[in-house]
Amino acid sequence: KVWKRFDNARFTYYAVGLGACGQTNVASDFQYGGGQYCFQMITITVNGKTAQAQIMDECPGCPDEGLDFSQGLFTFFSDLSAGVLYGTWNF
């Protein structure tokens, strides 16, 4: 199965809790929103740094192909004060 790569995607972060996938998430989790893809692993690259994350929640307010990171994942890439990051992700 071939999955599309999403370039110049918009990344934000959120306060974690009980997610749409039915599990309670903690701020240190590496996760993002996407509903129908619960628990699948993705690879995210921002400014030359790459991390793998597991889909744990959905993000109804995100733009198409945009991701909402846990604070732990966001701070892997940048300080929270950045607010918004742009990068690439794929399954």
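Residues numbered from 1 in each chain as written. Predicted model: local features only at pLDDT ≥ 70, side-chain atom pairs only at ≥ 80, totals over all residues. Heavy atoms only, no water.

Trainee: I'd love a proper account of the overall build of the protein chain, names of residues and values included.
Mentor: Across its full length, the protein chain holds one helix and six strands. Each helix and strand of the protein chain, placed in order from N terminus to C terminus, yields the pattern β-β-β-β-β-α-β. Burial status across the protein chain gives 40% buried among its 91 residues. Sequence separation of 24 or more characterises 68% of the internal contacts of the protein chain that already satisfy a separation of 6 or more. Accessible area of the protein chain: about 5000 Å², with a carbon and sulfur share of 47%. (Helix = DSSP H or I, 4+ residues; strand = E, 2+ residues; numbered from the N terminus. Buried < 20%, exposed > 50% of the residue type's maximum accessible area, 1.4 Å probe, protein only. Contact = heavy atoms within 4.5 Å. Areas by Shrake-Rupley, 256 points an atom, 1.4 Å probe, with all protein chains shown as cover.)

Trainee: A description of the packing of aromatic side chains should follow, citing residues and the corresponding values.
Mentor: A complete count under the given rule lists seven aromatic pairs for this structure. Summarising the aromatic geometry, the rings of F69 and F77 are spaced 5.9 Å apart at their centres and angled 35° between planes, so their arrangement reads as tilted. Accessibility classification places F69 together with F77 in one group, the buried group. Members of the aromatic cluster, each reached through a chain of ring pairs, are F11, Y13, F69, F74, F76 and F77. Sitting over the face of the ring of F76, K49 holds its NZ or CZ atom 4.5 Å from the ring centroid. (Phe/Tyr/Trp six-rings, centres within 6.5 Å; stacked < 30°, edge-to-face > 60°. Lys NZ or Arg CZ within 6 Å of the ring centre and 35° of its normal.)

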